[in-house]
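Spelled out, the chains give:
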Amino acid sequence: MKTHLSVNLNKVALVRNTRHLGIPSVTRAATLCLEAGAAGITVHPRPDARHIRAQDVLDLAELLKAWPDREFNVEGNPFHNLMDCVRDLRQRGLPVHQVTFVPDSEGQFTSDHGWSFPADAERLKPLIAEAHALNLRVSLFMDADPTAMAAAKEVGADRIELYTEPFAAAWGTADQQAQLDRFAAAAQAALDAGLGVNAGHDLNRDNLAAFAQQVPGLQEVSIGHALIADALELGYTATIQAYLACLGQ
Ligand SMILES: CC(=O)[C@@H](O)[C@H](O)COP(=O)(O)O
Ligand SMILES: NCC(=O)COP(=O)(O)O
């Protein structure tokens, strides 16, 4: 199976936002990543707009009209700003393919856990239904817990995104293979439940290849922090090519 590389551009916006000059450009970064072969673009517009802003989401969707074979994945908490964001895209007739629901609090430093079941089940159902009515694929950000996957399917999700920070933190330690086995089991449980499997958070050029080889059914990885850091050294084109090589492409 080919694993799609979706490039998260949060960190380009973060640098851009430290001045009022519009550089580095988020849309220019997206163009270079897509030209180099990235399968899609991910953004996580947080309520505090610390990096991606509402206008970036609109500008990227406008850009992606010219790339109909690539995907736009918008992540966020559906109880905060995410649904308004994707409703706006739909009202304007702009492309967006997937929403990834992430249970972050407002102002959270970065994502650090997935949804909890059964606690979050009933409140998620109507929002998943609304996203489906907007013709969006719904992915739920989840910890690598095989026992939670059936519940994610039951609330109506199409995919789960495995929260990979615990795997990344174990990379190079004695716990590395145990984490890989845990993520592989969680992915298999998701597949068995009828869910697609995405993954992301702290994936990088060192840990990606093993993850993609050992985690079954991996349809998409979204990678931002490490990839943009690599791009500062290597440039976007070489960086995307290096990540695609990790994915065997
Ligand atoms: C859900 C997820 O893991 C990513 O969206 C991550 O939260 C990136 O967000 P920041 O770039 O704000 O850390
Ligand atoms: N969904 C994860 C993502 O988009 C990027 O996470 P990271 O690579 O910035 O940690």
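Residues numbered from 1 in each chain as written. Chains lettered and ligands numbered in written order. Predicted model: local features only at pLDDT ≥ 70, side-chain atom pairs only at ≥ 80, totals over all residues. Heavy atoms only, no water.

1. Some remarks on the UniProt feature "site: Transition state stabilizer" (unreviewed entry) in the protein chain
- When the UniProt feature table is mapped onto this chain, "site: Transition state stabilizer" (unreviewed entry) is found at Glu161.
- Assignment of secondary structure puts Glu161 in strand S6 (residues 159-163).
- For Glu161, a relative accessible area of 2% gives the class buried.
- Ignoring sequence-local partners within four residues, the contact set of Glu161 consists of Glu75, Thr100, Ser139, Leu140, Phe141, Met142, Asn198, Ala199, Gly200 and Ser222. (UniProt positions renumbered as here; feature names shortened; annotations may be inferred. Helix = DSSP H or I, 4+ residues; strand = E, 2+ residues; numbered from the N terminus. Buried < 20%, exposed > 50% of the residue type's maximum accessible area, 1.4 Å probe, protein only. Contact = heavy atoms within 4.5 Å.)

2. Quick word on the site of ligand 1
- If you check the shell around ligand 1, you find Asn8, Asn10, Lys11, His44, Arg46, His51, Glu75, Val102, Thr110, Ser111, Phe141 and His201 and nothing else.
- Between ligand 1 and the protein, one listed contact pairs an oxygen atom with a side-chain N or O atom of Arg46 at 2.7 Å.
- One can see that ligand 1 is located within the largest pocket.
- For the shell around ligand 1, the class distribution of residues is two nonpolar, seven polar and three charged. (Near = heavy atom within 4 Å. Polar contact = N/O pair within 3.5 Å; in protein donor to acceptor, adjacent residues only side chain to side chain. 1 Å grid on protein atoms, 1.4 Å probe; cavity = no way out; pocket = protein on both sides within 12 Å on 5 of 7 lines; lining within 4 Å. Sits in = over half its atoms within 2 Å of the grid points. Nonpolar A, V, L, I, M, F, W, Y, C, P; charged D, E, K, R; others polar.)

3. Some words on empty space enclosed by the protein
- As enumerated under the stated definition, the model contains two cavities of 30 Å³ or more in all.
- Of the pockets and cavities examined, the largest cavity occupies roughly 50 Å³.
- His44, Arg46, Pro47, His80 and Asp104 are the residues nearest the centre of the largest cavity, which is lined by 14 residues in total.
- Around the second largest cavity, the lining residues are His4, Ser6, Ala39, Gly40, Glu71, Asn73 and Glu220. (Points joined across faces, edges and corners; volume = space filled by probe spheres on them.)

4. Things to note about unusual backbone geometry
- The omega torsion across Ile23 and Pro24 is -5°, close enough to zero to call that bond cis.
- Positionally, Pro24 belongs in the loop between helix H1 (10-16) and helix H2 (26-35).
- Residues Phe117 and Pro118 are joined by a peptide bond in cis, for which omega reads 10°.
- Its location among the elements puts Pro118 in the loop between strand S4 (98-101) and helix H5 (121-133).
- With a phi angle near 50°, Ala49 is a residue other than glycine that sits in the positive phi range.
- Among the secondary structure elements, Ala49 is positioned in the loop between strand S2 (40-43) and helix H3 (54-64).
- On the accessibility criterion, Ala49 (32% relative accessible area) is partly exposed.

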